[in-house]
Amino acid sequence: MPQSAAATHRLGASSGAAARAAGLTKVYGQGETRVVALDSVTVEFGRGRFTAIMGPSGSGKSTLMHCMAGLDAISGGSARVGDTELSGLNDRQLTQLRREKIGFVFQAFNLLPTLNALENITLPMDIAGRTPDPEWLELIVGTVGLAGRLRHRPSQLSGGQQQRVAVARALAGRPEIVFADEPTGNLDSRSGAEVLGFLRDSVRELGQTVVMVTHDPVAASYADRVVFLADGRVTGDLTAPTPEAVLDRVRRFDAKGRTS
Ligand code: ADP
């Protein structure tokens, strides 16, 4: 990657929170089927940082991500992306927010089979009627190591390469924040490590903000910080995580859960 251009983009990143939840509550169903998926969650996702969200199955990780990304309506409290409060927005406004400010990476790569890699990368911007910044696009494509494969269709790419296309697509519009939901769930460990490395590079070298839901302590250790959830509540926080430290937290919480 051209270092000077990367440095310029890095400088563009400011400090503070890219997104924050305050007393965020999400309730599904009512009466006997009522489930409190998020119980007054307060958390900040730092700008220019890579944050992992961990917790047991059913702890509210996906719900938190979906609420913060404007994919699901919130029941109470506040969810903000940048300066925008999500709780007051209607469906049309939420769609616009997602298009302009948020990038997504899912476990399934969700690429269109009839489009080549480059067309897949720019598709969300094409739909939004935005023109990709060519210099930024080149930086991203270089960062995720796809420069020689832009004319390939998804079927001509490995799983790891397809997920790298999905990462480039999420970054193409220079979003305020990228949400990644188990991005390595469908990959072997080597391809998974590559994708995690590129997500980390997008933060460290390009100043992007990434929030990743994972249940894998090794994946979480690529992040700058891990937020732990259980039963819809934030139960802990770890900075500069190692896989061992993450695993230790998970085990300690499991042990507590069994004895309480
Ligand atoms: P995680 O991602 O940590 O596995 P989820 O956010 O998917 O947890 O789920 C949190 C809780 O909310 C669980 O009890 C789950 O069953 C419930 N839940 C999630 N989505 C829905 C939904 N659409 N309808 C009803 N309950 C839901």
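Engineer: Just to check I follow, could you spell out the sheet that holds strand β7 (residues 177-181) for this structure?
Structural biologist: Either a parallel or an antiparallel arrangement is found when strands of a sheet pair, and the pairing is made through backbone hydrogen bonds. Read from one edge of the open sheet, six strands run β6-β7-β8-β3-β9-β10, paired in mixed fashion. Sheet topology places β6 (102-105) and β10 (233-239) at the edges, where each strand pairs with a single neighbour. Strand-to-strand twist of the sheet, defined as the mean angle between neighbouring strand axes without regard to direction, takes the value 20°. Alignment of strand β3 (residues 50-54) against strand β9 (residues 225-230), held across four bridges, turns out to be parallel. Bridge pairing in β9 places T51 opposite R225. Along the sheet, helix α2 (residues 61-68) makes contact with β3, β6, β7, β8 (210-213) and β9, crossing β7 at roughly 150°. Lying on the sheet, helix α7 (residues 189-204) is in contact with β3 and β8; it crosses β8 at an angle near 155°.

Engineer: Mind showing me how you'd approach the pattern of salt bridges here?
Structural biologist: A pair can form between side chains of opposite charge whenever their charged atoms are brought close. Summed over all chains, the structure comprises nine salt bridges. As a salt-bridge pair, D39 and R233 come within 2.6 Å of each other at their nearest N and O atoms. One end of the pair, D39, is in strand β2 (residues 35-46); the other, R233, is in strand β10, with 194 residues separating them in the sequence. For R233, a relative accessible area of 47% translates into the label partly exposed. The salt bridge involving E85 is made with R80; its shortest N-O contact spans 3.7 Å.

Engineer: What should I look at first to understand the packing of helix α4 (residues 117-127) against helix α6 (residues 159-171) in this one?
Structural biologist: Angle between the axes and distance between the axes: these two values describe a pair of packed helices. Where α4 meets α6, the closest approach of the two axes is 7 Å, and the angle between their N-to-C directions is 35°. Regarding α4 and α6, the two cross each other, and that crossing is right-handed. Residue-level inspection shows A117, N120, I121 and P124 of α4 in contact with α6, the latter providing V165, A168 and R169. Looking at side-chain class alone, the contact of α4 with α6 contains five nonpolar, one polar and one charged residues.

Engineer: Just checking my understanding: could you explain the site of the ligand for this structure?
Structural biologist: Lining the immediate environment of the ligand, one finds Y28, V35, A37, P56, S57, G58, S59, G60, K61, S62 and T63. A distance of 2.7 Å separates an oxygen atom of the ligand from a polar atom in the backbone of G58. Between K61 and the ligand, the recorded distance is 2.9 Å, taken from a side-chain N or O atom to an oxygen atom. Taking 560 Å² as the accessible area of the ligand by itself, protein coverage stands at 57%. The set of elements that each furnish at least two residues to the shell around the ligand consists of β2 and α2. With three residues, α2 is the largest single contributor of residues to the shell around the ligand. Residue composition of the shell around the ligand, by class: four nonpolar, six polar and one charged.

Engineer: Sorry, what's going on with α2 here?
Structural biologist: Given 3.6 residues per helical turn, the α-helix brings residues three or four places apart onto the same face. The buried count for α2 comes to six of eight residues, which makes it a mostly enclosed element. Taken residue by residue, α2 has K61, T63, L64, M65, C67 and M68 as its buried positions. Just downstream of α2, G70 is the residue with a positive phi angle, here 70°.

Criteria and cut-off values
Residues numbered from 1 in each chain as written. Predicted model: local features only at pLDDT ≥ 70, side-chain atom pairs only at ≥ 80, totals over all residues. Heavy atoms only, no water. Pairing = 2+ DSSP bridges. Helix = DSSP H or I, 4+ residues; strand = E, 2+ residues; numbered from the N terminus. Axes fitted to C-alpha atoms, helices over the stretch in contact; angles between N-to-C directions. Contact = heavy atoms within 4.5 Å. Salt bridge = Lys/Arg side-chain N within 4 Å of Asp/Glu carboxyl O. Buried < 20%, exposed > 50% of the residue type's maximum accessible area, 1.4 Å probe, protein only. Left-handed = near helix turned anticlockwise from the far one by under 90°. Nonpolar A, V, L, I, M, F, W, Y, C, P; charged D, E, K, R; others polar. Near = heavy atom within 4 Å. Polar contact = N/O pair within 3.5 Å; in protein donor to acceptor, adjacent residues only side chain to side chain. Areas by Shrake-Rupley, 256 points an atom, 1.4 Å probe, with all protein chains shown as cover.

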